[in-house]
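Okay, here's what each chain looks like letter by letter:
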Amino acid sequence: GISKVGSYTGTTYDINVDCGFTGGARFVLIKRIDNSGDWYVYDTTRGIVSGNDPYLLINNNMGQVTNTDYIDPLNSGFIVTSSAPAALNASGGTYLFLAIA
């Protein structure tokens, strides 16, 4: 279990995404698939921490965003936080992810 491709359904509350890892996710790519949305990329080099987590949107040339807390670490994967926008956590939204341990 070093990688996991899966999906989750948004709730607007914190969502624990269990990938079966033992040391958390080191790389996370998320895309909303039931509506338009960006490709969000997080990694531990930039920081996946409890607090602000820098990310990139790989579908545009915008620079790194550093002042948001949309995901948090989880030993078995990652947490999508309740503060995440609809692009990551809308009630009933469907999201595709790739996580690498």
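Quick caveat, the model's predicted, so the values are computed rather than measured. (Residues numbered from 1 in each chain as written. Predicted model: local features only at pLDDT ≥ 70, side-chain atom pairs only at ≥ 80, totals over all residues. Heavy atoms only, no water.)

Asker: Please clarify how the overall build of the protein should be interpreted in this entry.
Answerer: Counting its secondary structure elements, the protein contains 1 helix and 8 strands. From first element to last, N terminus to C terminus, the protein shows the α and β order β-β-β-β-β-β-β-α-β. Taken against the 2.2 N^0.38 rule, which gives 13 Å for 101 residues, the C-alpha radius of gyration of the protein at 12 Å falls within 12% of a compact globule. If you line up the protein on its principal axes, its C-alpha atoms span 30 × 30 × 20 Å. Looking at the 101 residues of the protein, the share that counts as buried comes to 45%. Contacts in the protein between residues at least 24 apart in sequence constitute 54% of all its contacts with a sequence separation of at least 6. Within the structure as shown, the protein displays about 5100 Å² of accessible surface, and the carbon and sulfur contribution to it stands at 49%. Both charge centroids of the protein, one from 5 positive and one from 8 negative side chains, sit 8 Å from each other. (Helix = DSSP H or I, 4+ residues; strand = E, 2+ residues; numbered from the N terminus. Rg over C-alpha atoms; globule rule 2.2 N^0.38 Å. Buried < 20%, exposed > 50% of the residue type's maximum accessible area, 1.4 Å probe, protein only. Contact = heavy atoms within 4.5 Å. Areas by Shrake-Rupley, 256 points an atom, 1.4 Å probe, with all protein chains shown as cover. Lys, Arg positive; Asp, Glu negative; His and termini not counted. Charge placed at Lys NZ, Arg CZ, Asp CG, Glu CD.)

Asker: How do you make sense of the sheet that holds strand β6 (residues 71-74) when you look at a structure like this?
Answerer: Sheets are built from strands paired through backbone hydrogen bonds, the pairs being either parallel or antiparallel. With antiparallel pairing, 3 strands are arranged side by side in an open sheet as β2-β7-β6. The open sheet has two free edges, formed respectively by β2 (15-18) and β6, since each of these has just one partner strand. Neighbouring strand axes in the sheet, compared pairwise and without regard to direction, differ in orientation by 25 degrees on average. With 4 bridges joining them, β6 and strand β7 (residues 77-80) adopt antiparallel strand pairing. Bridging from a neighbouring strand, Pro73 pairs with Phe78 of β7. (Pairing = 2+ DSSP bridges. Axes fitted to C-alpha atoms, helices over the stretch in contact; angles between N-to-C directions.)

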